[in-house]
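# Reading the structure
Listed below, chain by chain, are the residues.
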There are 2 protein chains.
Amino acid sequence: MLPSSTVENYLKALYQAQVALEDEKALVPMGQLANAVGVAPGTATTMVKALAESGLVEYEPYLGVRLSTAGAKLAAMVLRRHRLIEQFLVEIMGMSWTEVHEDAEQLEHVVSDRLIERMDAMLGHPSVDPHGDPIPTADGDIAPHRYHSLLTCPLHTEVTVTRVADQDASFLRFLEAQRLKPGQSLEVEARDSAADSVQLLTEGQRSITIGTKAASKVLIEVA
Amino acid sequence: MLPSSTVENYLKALYQAQVALEDEKALVPMGQLANAVGVAPGTATTMVKALAESGLVEYEPYLGVRLSTAGAKLAAMVLRRHRLIEQFLVEIMGMSWTEVHEDAEQLEHVVSDRLIERMDAMLGHPSVDPHGDPIPTADGDIAPHRYHSLLTCPLHTEVTVTRVADQDASFLRFLEAQRLKPGQSLEVEARDSAADSVQLLTEGQRSITIGTKAASKVLIEVA
DNA sequence: AGTTTCATTTTGAGAACTCAAAATATAGGG
DNA sequence: CCCTATATTTTGAGTTCTCAAAATGAAACT
Ligand SMILES: [Mn+2]
Ligand SMILES: [Mn+2]
Ligand SMILES: [Mn+2]
Ligand SMILES: [Mn+2]
C-alpha cells in the first residue's frame with residue numbers, strides 16, 4: 001500500500017502547515033488544508049477521513065487534522081525528496097533556484113530510494129535546499145532552527161539571507177534581481193509601519209524598499 | 001488535455017509493438033497490447049476506444065489498433081524522455097545500465113520539457129541510450145537501422161554488440177557478466193539448431209554457449 | 001456445415017479522486 | 001438567547017481507470 005501522489009501531497013501540506021503553526025500537536029483547520037492542496041473543502045474532508053482510516057492522521061470533526069507519527073514520517077520523506085531534488089537540479093543540472101520548485105513538485109512522487117540516495121551522495125549530503133529549506137535526514141529528522149526575518153531582525157546590523165519562505169517564481173526572481181537570495185548580505189536601514197515598508201541596504205550598497213509582507217518571507221541570520 | 005501516464009504507457013507500448021512488427025501500418029492485436037501494458041483484455045478494449053475517440057489511434061474492432069500520426073508523435077516523445085533519462089542516470093549519475101529501466105519508466109511521465117532538454121544538452125545530444133536503443137529527436141524522428149543479431153550474423157567474424165532488445169534486469173546482468181554489453185566485441189563460433197544454442201568467443205577469449213532466444217536479443221554490427 | 005477453440009467485446013461493478021451545492025454545525029455580535 | 005456569518009460536512013454525481021465473468025465474434029478443425 002504505497003501512498004499515491006495525492007496522499008503524499010496532503011501529508012506534505014499538513015506537515016508544512018503544522019511547522020508554520022509552530023505547535024507540534026496543533027490541529028490544522030480543514031479549510032486551510034483544502035486551500036493548500038488546491039481542492040474543494042468537501043474533497044479535503046473526504047480525503048482526511050480516508051487518511052484517518054489508514055492511521056496517517058488524527059481527525060477531529062469541525063476542529064481539524066493533525067499528522068500521526070506514521071503520517072509525519074511519510075511527510076518528512078516527501079519533503080526530503082522534494083528538497084534534495086531541488087538542490088540536485090540547481091547544483092548538478094545548473095537550473096535556476098527560481099524555477100526548480102515545479103519540477104520537484106512532480107518528481108518527488110516518483111524518484112526511487114536508490115535514486116534519491118544517489119543524489120544525496122553526489123551533493124555531499126546537503127543540509128539545506130536552494131531556498132534555504134532544511135532537508136530531513138533519511139530517518140525523517142530535521143534540525144530545528146528559529147529564524148529572524150527582515151521584519152524582526154535588529155537595524156543597522158549586517159545580516160545574511162538564509163532562507164526564503166515562498167516558492168513563487170516571480171517573487172524569487174525579484175529577490176535575485178535585488179541581491180536578496182540566500183547567502184547574500186544586507187542591512188535593514190529602517191522600518192515604517194505606517195507605510196507598511198522596510199528599507200534595506202543590499203550588498204551592492206543599493207538602497208531599496210520592500211513591503212512588510214515580502215520582508216517577512218526573507219529569513220536571515222545575524223552575521 | 002495533456003495525456004495521463006496511463007495513456008502515455010498505452011501509446012508507448014503500441015509504438016514499440018509496431019516497430020517490432022516492422023510494418024508501419026500493421027494492426028496490433030488487442031491481446032498483445034493488453035499484455036504489453038499489463039492489463040486485462042477488456043480494459044485494453046475500453047481504453048483503446050477512448051484513445052480512438054481522441055484521435056490518437058485507429059481502432060478496427062476484432063482486428064487490432066494502430067497509432068495515428070498524432071499518437072505516434074506523442075509516443076516518440078515518451079520514448080525520447082525514457083531513453084534520455086536512462087542515459088542520464090548512467091552517464092551523469094553513475095547508475096548501472098542494468099537497473100535504470102524501472103526508474104525511467106516512472107520518470108518519463110513527469111520530467112518537464114525544460115528538464116529533458118537540459119539532460120539532452122548535458123549528455124551532448126546522444127543518439128542511443130545505455131541499451132543501444134535509438135533516442136528520437138525533439139521532432140520525433142528516429143534514424144532507421146536494420147540490425148543483425150547473434151542469430152543472423154556471419155560466423156567467425158568480429159562483431160560488436162550495439163543493442164540489447166530486452167530490459168529484464170537479470171538478463172542484463174547476465175550479459176554484463178559475460179562481456180556482452182553494448183560496445184563489447186566477440187565472434188560467433190558455431191550455431192546448433194538441434195541444441196537450440198549459439199556458441200560465442202567473447203573479448204576475454206572465453207568461450208560461452210547461450211540459447212537461441214537469448215542470442216536473438218543481442219543485436220550486433222559487423223566490425 | 002457443425003463444432004470446438006481462442007480472441008475480443010460487453011456488462012456490471014468497484015476504487016480513487018474530484019466538484020457543486022445543499023445541509024448543518026460553530027462562533028460572534030447584538 | 002437568538003440570529004447571522006463562516007467553516008465544515010454531507011449528498012449526489014462525474015471522471016478515469018481497473019477487473020471478473022458472461023456474451024459474442026472469428027478462426028480452425030473435422
Ligand atoms: Mn507534489
Ligand atoms: Mn525549496
Ligand atoms: Mn511508464
Ligand atoms: Mn533503454
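To keep things clear, this report deals only with the structure shown in the data block. (Residues numbered from 1 in each chain as written. Chains lettered and ligands numbered in written order. Predicted model: local features only at pLDDT ≥ 70, side-chain atom pairs only at ≥ 80, totals over all residues. Heavy atoms only, no water.)

Residue-level contacts link 18 residues of chain A with 18 residues of chain B. Overall, the association of chain A and chain B removes approximately 1600 Å² of surface from exposure, summing both partners, and the carbon and sulfur fraction of that is 67%. Summed over the three residues of chain A that lose the most area to chain B, namely Met93, Arg114 and Leu115 of chain A, the buried surface amounts to 37% of that side. Put simply, chain A and chain B have four salt bridges between them. Asp103 of chain B serves as the salt-bridge partner of Arg114 of chain A, at 2.8 Å between the closest nitrogen and oxygen. Linking chain A with chain B are eight residue pairs in polar contact (both at pLDDT 80 or more). If you list the elements that add at least two residues to the side of chain A that touches chain B, you get α4 (69-91), α5 (100-107) and α6 (113-122) of chain A. Here the element with the most residues in the side of chain A that touches chain B is α6 of chain A; it accounts for five residues. Across the side of chain A that touches chain B, the residue classes break down as eleven nonpolar, three polar and four charged. (Contact = heavy atoms within 4.5 Å. Buried area = accessible area lost by both parts, 1.4 Å probe. Salt bridge = Lys/Arg side-chain N within 4 Å of Asp/Glu carboxyl O. Polar contact = N/O pair within 3.5 Å; in protein donor to acceptor, adjacent residues only side chain to side chain. Helix = DSSP H or I, 4+ residues; strand = E, 2+ residues; numbered from the N terminus. Nonpolar A, V, L, I, M, F, W, Y, C, P; charged D, E, K, R; others polar.)

All names here are of chain A. Coordination of the manganese ion (ligand 2) by the protein comes from Glu86 (OE), Asp129 (OD) and His131 (ND1), over a distance range of 2.1 to 2.3 Å. Mapped onto the polypeptide sequence, the residues donating to the manganese ion (ligand 2) form the spacing pattern E-x42-D-x1-H. With a relative accessible area of 3%, Asp129 lands in the buried category. A residue is classified by how much of its surface remains accessible, and His131, at 0% relative accessible area, is buried. (Donors = N, O, S within 2.8 Å, 3.2 Å for Na, K, Ca; no water. Buried < 20%, exposed > 50% of the residue type's maximum accessible area, 1.4 Å probe, protein only.)

This next bit is on the relation of the copies chain A and chain B. You can overlay chain A on chain B at an RMSD of 0.0 Å; the transform is a turn of 180° with a shift of 0.0 Å along its axis. In the structure described here, the two chain copies are related by an operation that fits a two-fold rotation axis. Scanning chain A for the C-alpha nearest the rotation axis identifies Leu107 of chain A, at a separation of 3.6 Å. Here 100% of the interface residues in chain A have copies in chain B that are interface residues too; the copies meet face to matching face. (Least-squares fit on C-alpha atoms with pLDDT ≥ 70 in both.)

The quantities given are spatial measurements derived from coordinates; they are silent on function.
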